[in-house]
Amino acid sequence: MNEHDKTRLGKTLWAIADRLRGSMNADDFRDYMLSFLFLRYLSDTYEDAAQKELGAEWPKLSEDDRRSPLTVWYAQNPDDIKEFEAVMRRKVHYVVKPQYLWSSIAELARTQDDDLLHTLQKGFKFIENESFSSNFQGLFSEINLDSEKLGRDYKARNARLCTIIQEIAKGLGEFPSDRDLLGDAYEYLIGQFAAGSGKKAGEFYTPQQISSILSGIVSLDSQEPSTGKKQKLNRILDFACGSGSLLLNVCRRMGKHGVGKLYGQEKNITTYNLARMNMLLHGVRDTEFEIHHGDSLLNDWDILNEENPAKKIEFDAVVANPPFSYRWEPNEALAEDFRFKGYGLAPRSAADFAFLLHGFHFLHREGTMAIILPHGVLFRGGVEAKIRKKLLIDGNIDTVIGLPAKLFYSTGIPVCILVLKKCKKYDDVLIINASEHFEKGKRQNMLLPEHIDKIINTYQYRKEEERYSRRVSMEEIKENDFNLNISRYVSTAEPEESVDLAQVHTELTRLAGQISKSTWKHNEFLKELGLPELPYPESRKG
């Protein structure tokens, strides 16, 4: 399916969401809508695998029989169910009972069955607690099917769910069954809900155009980016992963066998669940990712809490879009934390450097880290200046990229990307000022593919271009007191055109003579007509 059809499906589902949510808060309706898409994906994937596994045993139903073939097979083969499900757990890593499949749920909705709501509740519980070998407890914890937002009583809520599910099934029915398509639709809807959420969107979504820059950078060889993409990234970390779109973007960039395992951490419970669904929706198996619900600043994830360097887990790539200038509560214990010791604690008013140091601590010596931060980290004083200076002196800041304003849903301010390495080859800092390279939009500006490619290409080959990029020596940075304000090094201002004063004087003298001659000629006509004459220029007086 081409990009046009993918966008068309996304728009179709968005129109359904916009039409059906009524007075319900967009964020609440988002959780219902995306959960149903997730159920459809799990069901399609499971039924396709089941059909292959059962082969000739797969029931062939008449056109007017709307039951799932798996429902019929379960009824006909009760003694074989246990063995069949064991095989399915090995092959697709999960099980969905026939009554909880999307096709069964959609049929209950079509027939306005009074038991739809109860069946959905049981189905969600089954998926959370029994479907997977891994623990997906709480996956649907934010989906309250008993909420009065759906209706005053059970009957009203059941009826509303019947309508929503029927419309989604109808919308999806207009397109071919394509599992990748559902993943793309899920991403599209996350983006649309993010656009409608304004400032809150920064909690869960990094625009794909910016994700593409980060993934393009970390996928390249860390020591010699010019040699191209690494063959494999064994471990990738996003410690503020939101809905997981940034991790998935790196996955797409690396290709099917280019990633070992994805690791993400997310503080917001709703967004944490979105991320887990998003991974599975894009074909990432439960054994190929770990998403932790917790606070990165407090480092409450057990696998990251190992102080012994020999046992510490490290990542080939670290990507992140943490909350900008987040207020936090550093304490004495954190001052001694192995992540911050030797650098200092970021100020209470802005945890930007705390996030950066957290991710940097777990970066492998041959890895690359790319993090999105507000411009303030480049020039603010106090303890932030001390942290910045140490990172520069230690040779850890490889590249600084300035982006245009109004690229994010959550803020209109321009932001930057810092690229960090523990062992970098070059002793200068590449500074890219891409602030003028974008397509202007009404509410938001856009980076086109050529803008994204130009940034990645400039980083990859360490190119220098007037008013765009420069390799800045550490001596020059030191002279500027380790201030990394981009415009100090790469100004986008057009140089003023030089003026030849002698040439200007000659031209003005010529024009003055021409004016004087024309005035004299005009006055001759005025004399003949008996009209007052025009005054002569100063040079003709007397």
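The rules behind these values
Residues numbered from 1 in each chain as written. Predicted model: local features only at pLDDT ≥ 70, side-chain atom pairs only at ≥ 80, totals over all residues. Heavy atoms only, no water. Core = buried A, V, L, I, M, F, W, Y, C linked by side-chain atoms within 4.5 Å. Buried < 20%, exposed > 50% of the residue type's maximum accessible area, 1.4 Å probe, protein only. Helix = DSSP H or I, 4+ residues; strand = E, 2+ residues; numbered from the N terminus. Patch = residues over 30% accessible without salt bridge, like charges linked within 9 Å, V, L, I, M, F, W, Y side chains within 5 Å. Areas by Shrake-Rupley, 256 points an atom, 1.4 Å probe, with all protein chains shown as cover. Salt bridge = Lys/Arg side-chain N within 4 Å of Asp/Glu carboxyl O. Lys, Arg positive; Asp, Glu negative; His and termini not counted. Charge placed at Lys NZ, Arg CZ, Asp CG, Glu CD. Contact = heavy atoms within 4.5 Å. Pairing = 2+ DSSP bridges. Axes fitted to C-alpha atoms, helices over the stretch in contact; angles between N-to-C directions. Disulfide = S-S within 2.5 Å.

Caption draft 1: Main features of the nonpolar core. Counting residues in each nonpolar core, the largest one holds 114 residues, and the members touching the most others are Leu13, Phe36 and Tyr46. Sort the elements by how many residues they give to this core and helix H2 (residues 26-54) lands first, with 14 residues.

Caption draft 2: Representation of a negative patch on the surface. A grouping of Glu57, Asp79, Asp80 and Glu83 is seen on the molecular surface, where their side chains present a negatively charged patch. You can see Glu57 is positioned in the loop between H2 and helix H3 (69-76). We classify Glu57 as partly exposed; its relative accessible area is 46%.

Caption draft 3: Broad picture of the pattern of salt bridges. Within the structure shown, the criterion is met by 26 salt bridges. Across the pair Glu167 and Arg19 runs a salt bridge whose closest N-O atoms are separated by 2.7 Å. Of this pair, Glu167 sits in helix H7 (residues 154-173) while Arg19 sits in helix H1 (residues 3-20), and the two are 148 residues apart along the sequence. Overall, Glu167 belongs to the partly exposed group, its relative accessible area being 22%.

Caption draft 4: Structural view of unusual backbone geometry. Its identity is not glycine, yet Gln112 carries a phi of approximately 55°, on the positive side. Following the sequence through the fold, Gln112 ends up in the loop between helix H5 (102-110) and helix H6 (116-131). Judged by relative accessible area, which is 40%, Gln112 ranks as partly exposed. Although it is not a glycine, Phe482 adopts a positive phi angle of roughly 60°. Relative to the helices and strands, Phe482 resides in the loop between helix H16 (474-479) and helix H17 (486-489).

Caption draft 5: Region of interest: the side chain of Asn299. Mapping Asn299 onto the fold places it in the loop between strand S3 (289-293) and strand S4 (315-320). When sequence neighbours within four positions are dropped, the list of residues in contact with Asn299 reads Leu304, Asn305, Phe338, Arg339, His358 and Phe362.

Caption draft 6: Looking closely at the pairing of strand S7 (residues 415-420). Of all the six residues making up S7, six are buried; the element is thus mostly covered by neighbouring parts of the structure. Along S7, one buried face is formed by Val415, Ile417 and Val419 and the opposite face, lined by Cys416, Leu418 and Leu420, is buried too. When strand S5 (residues 363-374) meets S7, the two strands line up antiparallel, connected through six bridges. By the bridge assignment, Met369 is partnered in S7 with Leu420. In this structure, strand S6 (residues 397-402) lies alongside S7, joined through five bridges in antiparallel fashion.

Caption draft 7: Inspection of the sheet that holds strand S1 (residues 233-238) at higher detail. The sheet built from nine strands is open, its strands ordered S3-S2-S1-S4-S5-S7-S6-S8-S9 with mixed pairing. The sheet terminates laterally at S3 and strand S9 (469-472), the two strands that pair on one side only. On average, adjacent strands in this sheet sit at an angle of 15° to one another, irrespective of strand direction. The strands touched by helix H13 (residues 352-361) are S4, S5 and S7; relative to S5, the strand with the most contacts, the crossing angle is about 160°. Seen against the sheet, helix H15 (residues 449-461) touches S5, S6, S7, strand S8 (429-433) and S9 and runs at an angle of roughly 165° to S8.

Caption draft 8: Fine view of the state of the cysteines. Tallied over the full model, the rule gives zero disulfides. Of the cysteine sulfurs around Cys251, a residue in no disulfide, the closest is that of Cys241, at 13 Å.

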